[in-house]
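What follows is each chain in one-letter form.
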Amino acid sequence: MRLRLENIHTIYGIQKGPSALKKGKDLSHVDTIHNAFIDIEKNEIVAVGSMDQVEGYADKYMDCTGKSILPGWCDSHTHIIFATSRHGEYRMRIGGKSYEEIAEAGGGILNSAAKLREMDEAELYDSAAQRVEELIKTGTVLLEIKSGYGLSPKSELTMLRIARKLDASYPIKIKSTFLGAHAIPEWYKNDRKAYIKEICDVMLPQIAKEQLADYCDVFCDKGFFTVEESRIILQKAKTFGLRPKIHANELAVSGGVQLACEMDALSCDHLEAMGQEEIDVLLKHDTIPVVLPGTSFYLNIPYAPARKMIDQGVGLAIASDYNPGSTPSGNMELLMSLACIKMKLSPEEAFNGITINGACALEEEQEYGSIAVGKKAHLIMTTPIQDLAQLSYFYGKSHVENVILGTKIY
Ligand code: NIG
Ligand code: FE
């Protein structure tokens, strides 16, 4: 079956040349075709061009007059498998408590972990599935999900099995990351080493055996895991073929960026606390910085210096960090607004950050993140827009009219 999207006002995110991370000045380029068509067979784009280049017939036609087509969003950092909302902590933060103070008082990650361990697996799956559906409707087609609210071998593995089941059950692609080192569970409070040993000798071997994760992450930050502890875990993960990703420099200049580069991590995420030294290291390595403007907005903390990083030639991705504590939202359009307004990115830089560069932060850039023959036909049809800037200009509004997943409309 061949589906033809025709009379498209503008296609944004055309891939000219090989799919690769956009860095520095290149981040402000978004290639377009006006008055265009796209032919889709199964899940793949089989032809794309301007209307005067259309050849042959399709089996089904979709008239896109006035509408634009974009690649679906690529969200490379989420924690969407969780038991319940933490609105009590939200009230505490509004009342003046910081994220760290709440965590120290037993709230935060440990609170989510306690609730998750009590929850029935089927219920946990259903609540995560609802979030996946919500994200697909907002245009996300490539998604990463982390564990890290289990903190026991049984619950961490349960989370990762749920992530794999979600991937198998939905038409979008979902990659999983093991984040056992998200916090030290209460019962290991006085024996951190024992927990790290459990991660290395119990959790990682089992995860590798069942192929439950694509990556291994560590929360390398003040009050969580040190650089030395993170290195031990990530080195072990590498022996099982799990490439590192690191939560780095959210709460302090933690050394996490340097560790990520030293370990050839795929990405280092957060980066709200960055100095010039950290930017210099990133410039010399392939580790992709991932910034999370939703977290800064929600926790009311500084934003990652994304403008400065791009001006110096860095290539970065933008992700949601959707989780119940620091960012209960996966709305990528809103992230574009925050990236533009708070980080001073251009609409094109923000767009590339949540499309092609997001795909690179999950090693899926050959199939996702831009539009070209051979790439996945996982696309967004927008409401009428005259300029890419309108996606972030009308903040808080959805411009997603339809999500096209292969020949099906979601
Ligand atoms: O990425 N920073 C660490 N982990 C999450 C927050 C987790 C939570 O508060 O539940 C994050 O922001
Ligand atoms: Fe996170």
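Definitions and cut-offs
Residues numbered from 1 in each chain as written. Chains lettered and ligands numbered in written order. Predicted model: local features only at pLDDT ≥ 70, side-chain atom pairs only at ≥ 80, totals over all residues. Heavy atoms only, no water. Buried < 20%, exposed > 50% of the residue type's maximum accessible area, 1.4 Å probe, protein only. Near = heavy atom within 4 Å. Polar contact = N/O pair within 3.5 Å; in protein donor to acceptor, adjacent residues only side chain to side chain. Areas by Shrake-Rupley, 256 points an atom, 1.4 Å probe, with all protein chains shown as cover. 1 Å grid on protein atoms, 1.4 Å probe; cavity = no way out; pocket = protein on both sides within 12 Å on 5 of 7 lines; lining within 4 Å. Sits in = over half its atoms within 2 Å of the grid points. Nonpolar A, V, L, I, M, F, W, Y, C, P; charged D, E, K, R; others polar. Axes fitted to C-alpha atoms, helices over the stretch in contact; angles between N-to-C directions. Helix = DSSP H or I, 4+ residues; strand = E, 2+ residues; numbered from the N terminus. Left-handed = near helix turned anticlockwise from the far one by under 90°. Contact = heavy atoms within 4.5 Å. Points joined across faces, edges and corners; volume = space filled by probe spheres on them. Parallel < 35°, antiparallel > 145°, perpendicular 65-115°, else oblique. Domains from an automatic or database assignment. Buried area = accessible area lost by both parts, 1.4 Å probe. Salt bridge = Lys/Arg side-chain N within 4 Å of Asp/Glu carboxyl O. Donors = N, O, S within 2.8 Å, 3.2 Å for Na, K, Ca; no water.

A word on unusual backbone geometry
Here the phi dihedral of Asn249 falls at roughly 55°; this positive angle occurs in a residue that is not glycine. Residue Leu271 is not a glycine yet carries a positive backbone phi of 65°. Given the relative accessible area of 0%, Leu271 is considered buried.

Topic: the site of ligand 1
For ligand 1, the set of nearby residues contains 15 residues, the closest of which are Tyr99, Tyr149, His182, Glu250 and Ser326. Glu250 is positioned such that a nitrogen or oxygen atom in its side chain is 2.7 Å from a nitrogen atom of ligand 1. With the chains in place, 100% of the 320 Å² that ligand 1 exposes on its own is no longer accessible. The cavity that encloses ligand 1 is the largest cavity. In terms of residue class, the shell around ligand 1 is built from 4 nonpolar, 8 polar and 3 charged.

Thoughts on the packing of helix 5 (residues 153–169) against helix 6 (residues 192–209)
At a minimum axis separation of 10 Å, helix 5 and helix 6 run at an interaxial angle of 35°. Once helix 5 is placed against helix 6, the crossing between them reads as right-handed. Residue-level inspection shows Pro153, Glu156, Leu157 and Leu160 of helix 5 in contact with helix 6, the latter providing Glu198, Val202, Met203, Gln206 and Ile207. The residue makeup of the contact of helix 5 with helix 6, split by class, is 6 nonpolar, 1 polar and 2 charged.

Here's the deal with empty space enclosed by the protein
The tally for this structure, following the rule as stated, stands at 2 cavities of 30 Å³ or more. What the largest cavity holds in volume is close to 90 Å³. Lining the largest cavity are 14 residues, with Tyr99, Ile109, His182, Asn323 and Ser326 positioned closest to its centre. Across the lining of the largest cavity, the residue classes break down as 4 nonpolar, 7 polar and 3 charged. The volume enclosed by the second largest cavity comes to roughly 50 Å³. Lining the second largest cavity are Pro71, Gly72, Val141, Glu367, Tyr368, Gly369, Ser370, Lys376, His378 and Leu379.

Description of the packing of helix 4 (residues 121–137) against helix 5
The N-to-C vectors of helix 4 and helix 5 enclose an angle of 50°; their axes lie 10 Å apart at closest approach. Judged on the interaxial angle alone, helix 5 and helix 4 are oblique. The hand of the helix 4/helix 5 crossing is right-handed. Where helix 4 abuts helix 5, its residues Glu121, Leu124, Tyr125, Ala128, Ala129 and Val132 lie against Thr158, Ile162, Lys165, Leu166 and Ser169. Grouping the amino acids of the contact of helix 4 with helix 5 by side-chain chemistry returns 7 nonpolar, 2 polar and 2 charged.

Overview of the domain arrangement of the protein
Domain boundaries in the protein define domain 1 (2–71 + 369–409) and domain 2 (74–360). Inter-centroid distance (C-alpha atoms) of domain 1 to domain 2 is 29 Å. Taken together, the 33 residues of domain 1 in the interface contact 31 residues of domain 2. Taking both partners together, domain 1 and domain 2 bury about 2,400 Å²; carbon and sulfur atoms supply 69% of that area. Summed over the shared surface of domain 1 and domain 2, the number is 0 salt bridges. For the pair domain 1 and domain 2, the number of links is 7 residue pairs in polar contact (both at pLDDT 80 or more).

Looking at the coordination of the iron ion (ligand 2)
Angles between donor atoms at a metal ideally measure 109.5 degrees for a four-coordinate tetrahedral arrangement and either 90 or 180 degrees for a six-coordinate octahedral one. Binding of the iron ion (ligand 2) to the protein goes through His77 (NE2), His79 (NE2), His247 (NE2) and Asp321 (OD), at separations of 2.1 to 2.2 Å. Positions of the donor residues of the iron ion (ligand 2), expressed as sequence spacing, correspond to H-x1-H-x167-H-x73-D. With a gap of 168 residues between them, His79 in the loop between strand 6 (73–75) and helix 1 (87–94) and His247 in strand 10 (residues 243–248) connect regions that are remote in the sequence. Classification of His79 as buried rests on a relative accessible area of 2%.

Quick look at the layout of surface pockets
By volume, the largest pocket amounts to about 410 Å³. If you trace the largest pocket, you find 16 residues lining it, with Ala103, Glu104, Leu110, Gly223 and Phe224 closest to the centre. The residue makeup of the lining of the largest pocket, split by class, is 8 nonpolar, 2 polar and 6 charged. Forming the walls of the second largest pocket are 18 residues, and the residues nearest its centre are Leu21, Lys23, Asp286, Thr287 and Ile288. Put simply, the parts of the chain that give the lining of the second largest pocket at least two residues each are helix 9 (276–283) and strand 12 (288–291).

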